[in-house]
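# Remarks on the overall topology
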Amino acid sequence: MKKEILISLICLLFICGCGFETNESSPVFEAKNISKIAFKFGPLEEVEVPSEDLEEITEWLDTFKIGDRVKRREKLPPGTNSVSVRIEYLDGAIIENGLSTIKIDKKEYHLIYSDAPEVYWRLYHSVE
């Protein structure tokens, strides 16, 4: 029993000492109780997701996970976060975030996610 506690403490100290600050397996966006989703393509064009496509887009947004931390002097490529998502929930809460990175506790992280579904690309091309 003492040996197990000691091993657990060592593992905990190792994890804390290595700077693991986020739960990379948790989805970035809450995918329950969503009432509306809209994408903002560039500075002006916002397109609301039609109700018949809401489930498919919600499933895709549920694949977004926290990736590597953006390094201090890393130059992000042009177009980073030029597309953002606005999610409205049934309780009235609204969140907005780019699709490239996310800031958590003043630290920025890359986002990783599955390929966008066909409906996303239809919405994207609808503003061209």
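Numbering of residues begins from 1 in every chain and follows the order in which that chain's sequence is written. Given that this is a predicted model, residues contribute local features only at a pLDDT of at least 70 and side-chain atom pairs are listed and counted only at 80 or more, while totals for whole chains, interfaces and linings are drawn from all residues. Processing note: side-chain calculations cover all non-hydrogen atoms of the structure and skip hydrogens and water entirely.

Turning next to the overall build of the protein chain. Each helix is a run of DSSP H or I of at least 4 residues and each strand a run of E of at least 2, with the numbering of both proceeding from the N terminus. Of regular secondary structure, the protein chain possesses 3 helices and 7 strands. Put simply, the protein chain runs from its N terminus to its C terminus through helices and strands in the order α-β-β-α-β-β-β-β-β-α. Split into buried and exposed, the 128 residues of the protein chain put 29% on the buried side. Just so you have it, the protein chain exposes about 9,200 Å², and 53% of that area is on carbon and sulfur atoms. Only protein chains enter the accessibility calculation, which uses a 1.4 Å probe; a residue whose area is less than 20% of its type maximum is buried, one above 50% is exposed, and one in between is partly exposed. In short, Shrake-Rupley with a 1.4 Å probe defines the accessible areas, and a residue's cover is counted only from the protein chains shown.

Throughout, nonpolar core names a set of buried Ala, Val, Leu, Ile, Met, Phe, Trp, Tyr and Cys residues whose side chains join them through atoms within 4.5 Å. With 25 residues, the main nonpolar core has I37, F39 and L61 as its most contacted residues. At the level of elements, β1 (34-41), α2 (54-61), β4 (83-89), β7 (107-112) and α3 (118-125) are the ones that each hand at least two residues to this core. Any two residues whose heavy atoms approach within 4.5 Å are treated as being in contact. Ignoring anything within four residues of it in the chain, the contact list for F39 reads E45, E46, V47, V49, I57, W60, S84, V85, L99, Y120 and L123.

As a further point, take the packing of aromatic side chains. Working definition: rings of Phe, Tyr and Trp (its six-membered ring) pair if their centres are within 6.5 Å, and the pair is stacked with planes under 30 degrees apart, edge-to-face with planes over 60 apart, and tilted otherwise. This model, assessed by the stated rule, comprises 13 aromatic pairs. Pairing W60 with F64 gives two aromatic rings, centres 5.1 Å apart and planes at 75°, and the pair type is edge-to-face. For W60, a relative accessible area of 5% corresponds to the buried category. Between W121 and Y124, the ring centres sit 5.6 Å apart and the planes meet at 80°, which makes this aromatic pair edge-to-face. Here the residue W121 and the residue Y124 both occupy positions in helix α3, the gap between them amounting to 3 residues, near one helical turn. Given a relative accessible area of 38%, W121 falls into the partly exposed group. What makes Y124 partly exposed here is its relative accessible area of 28%.

This next bit is on the pattern of salt bridges. Salt bridge, as applied in this entry: a Lys or Arg side-chain nitrogen positioned within 4 Å of an Asp or Glu carboxyl oxygen. For the structure shown, the criterion picks out 3 salt bridges. Between R122 and D53 there is a salt bridge, with the nearest N and O atoms lying 3.7 Å from each other. One end of the pair, R122, is in helix α3; the other, D53, is in the loop between β2 (45-48) and α2, with 69 residues separating them in the sequence. A salt bridge links R86 to E88; the nearest nitrogen and oxygen atoms lie 2.5 Å apart. Of the residues examined, R86 reaches a relative accessible area of 23% and is grouped as partly exposed. Relative accessible area serves as the criterion here: at 18%, E88 is assigned to the buried category. Salt bridges sharing partners connect three or more residues here, namely R86, E88 and E96.

Let us look at the confidence of the model for the protein chain. What pLDDT reports is the predictor's confidence in each residue, on a scale of 0 through 100. Across the protein chain, the average pLDDT comes to 83, with 80% of residues at or above 70. Residue range residues 1-22 is modelled with pLDDT below 50. Its contacts to residues more than four positions away, or to other chains, number 6 contacts.

What follows deals with the packing of α2 against α3. At a minimum axis separation of 9 Å, α2 and α3 run at an interaxial angle of 105°. Compared by their axis directions, α2 and α3 come out roughly perpendicular. The segment α2 lies against α3, with E56, I57 and W60 engaging E118, V119 and Y120. Fitted lines through C-alpha atoms give the axes, limited to the stretch in contact for helices. The angle between two N-to-C directions lies from 0 to 180 degrees. Our angle categories are set so that under 35 degrees counts as roughly parallel, over 145 as roughly antiparallel, 65 to 115 as roughly perpendicular, and the remainder as oblique.

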